[in-house]
Amino acid sequence: MSNKMVEHQLKIVGHQLGIVGLECNMFLNKHSLPSFQQENSTINQSYMESILTSLRRISVYCEDAREVCEKILGGGFHKATAEETLHKIYHRCIAEFFSPKNDAWYENSRAAYTGNQAITFYKEVPNSIQALFAKLEKVFQQMREELEYYETDYSTKKMQQYKQ
């Protein structure tokens, strides 16, 4: 890929990571376990704790990645560093959203075909969580689509370097 293309992707993804960070932080600053209990008294508290833990992790990963994007774009642009950063974003941020380490939710891959929300929760969650994830899913899906081709290209390049 050309320098301009990688730089463009870095700008787009950096902006999208900023949106995710803002949405997560606004949500986490506004909501707490007691507020979820008020919203729905049948909510499983330990399950909600695992969801909030994953949200915090995603928020930190995305904010850190956005800062790295800004540094790369603000300093002397180096294509190899930008490509490696996009690779890390794909595997750390996007993968963490669609498949969190603590398995608090999962991606229903068939949902994409039906137009439904792809993130599926194992237990009942409050409407506020559903609404947040509907917003976040759109942004993460856009990032994934933006980086999917790039990710394949980057992985192929790395494999070729190892063979040499």
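Residues numbered from 1 in each chain as written. Predicted model: local features only at pLDDT ≥ 70, side-chain atom pairs only at ≥ 80, totals over all residues. Heavy atoms only, no water.

1. Re the overall build of the chain
Okay, step 1: Counting its regular elements, the chain contains 6 helices and 2 strands.
Okay, step 2: Within the chain, the fraction of its 164 residues that count as buried is 41%.
Okay, step 3: Only carbon and sulfur atoms are counted for the fraction: they give 50% of the accessible area of the chain, which is about 9300 Å². (Helix = DSSP H or I, 4+ residues; strand = E, 2+ residues; numbered from the N terminus. Buried < 20%, exposed > 50% of the residue type's maximum accessible area, 1.4 Å probe, protein only. Areas by Shrake-Rupley, 256 points an atom, 1.4 Å probe, with all protein chains shown as cover.)

2. Quick notes on unusual backbone geometry
Okay, step 1: Within the chain, Asp103 stands out as a residue other than glycine whose phi angle is a positive 55 degrees.
Okay, step 2: Of the residues examined, Asp103 reaches a relative accessible area of 47% and is grouped as partly exposed.

3. Describing the packing of aromatic side chains
Okay, step 1: This model, assessed by the stated rule, comprises 10 aromatic pairs.
Okay, step 2: Centre to centre, the rings of Phe98 and Phe140 are 6.5 Å apart; their planes meet at 80 degrees, and the pair counts as edge-to-face. Here Phe98, found in helix H4 (residues 79-98), pairs with Phe140, found in helix H6 (residues 127-163); they are 42 residues apart in sequence, far enough to count as distant. The two residues Phe98 and Phe140 agree in class, both being buried.
Okay, step 3: A ring pair is formed by Tyr106 and Tyr122, whose centres lie 5.1 Å apart and whose planes are at 45 degrees; its orientation type is tilted. Note that Tyr106 is positioned in strand E1 (residues 105-107) and Tyr122 in the loop between strand E2 (119-121) and H6, a separation of 16 residues in sequence.
Okay, step 4: Taking relative accessible area as the criterion, Tyr122 reaches 47% and is therefore assigned partly exposed.
Okay, step 5: One aromatic cluster is present, formed by Phe97, Phe98, Trp105, Phe121, Phe133 and Phe140 through successive ring pairs. (Phe/Tyr/Trp six-rings, centres within 6.5 Å; stacked < 30°, edge-to-face > 60°.)

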